[in-house]
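# Observations on chain architecture
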Amino acid sequence: MQTVAVIDYGMGNLHSVAKALEHVGAGRVLVTSDAQVIREADRVVFPGVGAIRDCMAEIKRLGFDTLVREVSADRPFLGICVGMQALLEHSEENDGVDCIGLFPGKVRFFGKDMVEDGEPLKVPHMGWNEVQQSVAHPLWHNIADQARFYFVHSYYIEAGKPQQVVGRGHYGKDFAAALADGSRFAVQFHPEKSHTHGLQLLQNFAAWDGRW
C-alpha cells in the first residue's frame, strides 16, 4: 500500500486533508513532522493556513524548506492554500516574507477597495469560485472546466512563468488558482472543502505517477 505524508509544521487543517485523502482511498495517510517518514513516503501533501510569516518561520526552523525542495522533485507533491503560497519566491504579507522559491513569482495582496461591476468585493476572498483549466493536466481528470472550488485567501499568486499556471481564478482580478511543474502541483483553493470536485482532484493525485 502506498503512503501519503501530510507535512505537519503546526499550520493547517491537517486532519481535514488527511480524512479527505483517506476517503478517496489514497492509501496509508500519515500526518507527520518526521523528516524521515516524509522522505520515505510515496506522495507528499503540503497544506497550510494562517500568516505566511509564521508558516515560513516554522518551515525554516524545522528544515522543511530544504526537505520540500528534495521530496517534491521526484514524487507526486501537492501544495494547498498557504502551502502553495509558501512555494513561491516572495509574499507581500507581513511587510514581506521570503518563501521557498520552487515556483517563480510573488504573492500579492488583493487590496482594500476592490470593486467589480460597481459592486465592492470583500477581502478575504471567501467561498466558491470557478477555476478555468488553462492547461490539461492529470489532476483535472474527470473535473469539468470552470468547476467550482472553495477558496479562503486575502493574497493571490502572480506567477513568474505563465506556462506553469494550469488553473486560473478571477476575483476582481485574474489570479493563478493552480500551478504545476514536473511532479509538483499546487492549488490556492481547499480541495478537502470542495466536495465532489475537490475529492476527485485528491483521487487523481492519489493515482498520479508524477509525470506531466
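Predicted model, so just to flag it, every value in this text is computed and none were measured. Per-chain numbering applies: the sequence of each chain, read as written, is numbered from 1 onward. Note on the predicted model: pLDDT of at least 70 is required for a residue's local features to be given, and 80 or more for side-chain atom pairs to be given and counted; whole-chain, interface and lining totals, by contrast, use all residues. Each side-chain value is worked out from all heavy atoms of the structure, with water and hydrogens disregarded.

What follows deals with the overall build of the chain. By the criteria applied, helices consist of DSSP H or I runs no shorter than four residues and strands consist of E runs no shorter than two, each listed in order from the N terminus. Broken down by element type, the chain carries six helices and 15 strands. This radius of gyration counts C-alpha atoms alone. The globule rule is 2.2 Å times how many residues there are, raised to the power 0.38. Here the C-alpha atoms of the chain give a radius of gyration of 16 Å, agreeing with the 17 Å that 2.2 N^0.38 yields for 212 residues. For the C-alpha atoms alone, the extent of the chain along its principal axes is close to 55 × 40 × 30 Å. Only heavy atoms enter the contact rule, under which two residues are in contact if any of them lie within 4.5 Å. Contacts in the chain between residues at least 24 apart in sequence constitute 70% of all its contacts with a sequence separation of at least 6. Computed by Shrake-Rupley with a 1.4 Å probe, the accessible areas treat only the displayed protein chains as cover when residues are assessed. Summing over all exposed atoms, the chain offers an accessible surface of approximately 9,300 Å²; the carbon and sulfur share of this is 46%. Residues scored as positive are Lys and Arg, those scored as negative are Asp and Glu, and His as well as the terminal groups of each chain are ignored. In plain terms, the charge of a residue is placed at NZ if it is Lys, CZ if Arg, CG if Asp and CD if Glu. Averaging the positions of the 20 positive and the 26 negative side-chain charges in the chain gives two centres separated by 2 Å.

Turning next to the sheet that holds strand E7 (residues 105–109). The strand order across the open sheet built from four strands is E6-E5-E7-E12, with neighbouring strands paired in mixed fashion. Strand pairing shows two members of the sheet lacking a second neighbour, strand E6 (97–98) and strand E12 (155–159), which therefore form its edges. Two elements, strand E5 (residues 90–91) and E6, share two bridges in a ladder whose sense is antiparallel. Within the sheet, the bridge partner assigned to Ser 91 lies in E6 and is Val 97. What makes two strands pair is DSSP finding at least two bridges between them.

Attention now goes to helix H1 (residues 14–23). Any residue under 20% of the maximum accessible area for its type is buried, any over 50% is exposed, and the rest in between are partly exposed; the area is computed with a 1.4 Å probe on protein chains only. Regarding H1, the residues found buried are Leu 14, Val 17, Ala 18, Ala 20 and Leu 21. The buried residues of H1 occupy an angular sector of 165° when projected down its axis, which confines them to one face. For H1, exposure combined with an orientation more than 90 degrees from the buried face picks out His 15, Lys 19 and His 23. Here the buried face of H1 lies against strand E1 (3–7), strand E2 (28–32), strand E3 (43–46), strand E4 (77–80) and helix H6 (195–207). One or two steps after H1, the chain reaches Gly 25, where phi turns positive at roughly 75°. Arc definition: directions from the helix axis to the C-beta atoms.

Moving on to the sheet that holds strand E14 (residues 174–181). Taken in spatial order, the nine strands of this open sheet run E2-E1-E3-E4-E15-E14-E13-E10-E11, and their pairing is mixed. In the strand order of this sheet, the two ends are held by E2 and strand E11 (147–153), each with one partner. With direction set aside, neighbouring strand axes in the sheet form an average angle of 25°. Relative to strand E15 (residues 184–187), E14 runs antiparallel, the two being bridged by four bridges. Bridge pairing links Asp 181 to Arg 184 in E15. Axis definition: a line fitted to C-alpha atoms, limited for helices to the stretch in contact. Angles are taken between N-to-C directions and run from 0 to 180 degrees. With respect to the sheet, H1 is in contact with E1, E2, E3 and E4, its orientation differing from that of E2 by roughly 170°.

Attention now moves to the state of the cysteines. In what follows, a disulfide is any cysteine sulfur pair within 2.5 Å. According to the stated counting rule, one finds zero disulfides in the structure shown. Free cysteine Cys 55: the closest other cysteine sulfur is in Cys 81, separated by 9.1 Å.

We now examine the environment of Val 24. Relative to the helices and strands, Val 24 resides in the loop between H1 and E2. The spacing of Val 24 and Gln 163 is 139 residues in sequence and 30 Å in space, taken between C-alpha atoms. Once residues lying within four places of it in the same chain are set aside, the contact partners of Val 24 are Leu 199, Leu 202 and Gln 203.

Let's shift gears to the nonpolar core. For the purposes of this section, nonpolar cores are sets of buried Ala, Val, Leu, Ile, Met, Phe, Trp, Tyr and Cys residues that join through side-chain atoms within 4.5 Å. Core analysis: the biggest nonpolar cluster contains 73 residues, and Leu 21, Val 45, Phe 46, Leu 78, Leu 87, Trp 140 and Phe 185 have the highest contact counts within it. Counting residues per element, this core draws most heavily on E14, at six residues. Ignoring any residue separated from it by four or fewer positions in sequence, one finds Trp 140 in contact with Val 131, Gln 133, Val 135, Phe 149, Val 166, Gly 167, Ala 178, Phe 185, Phe 189, Leu 201 and Asn 204.

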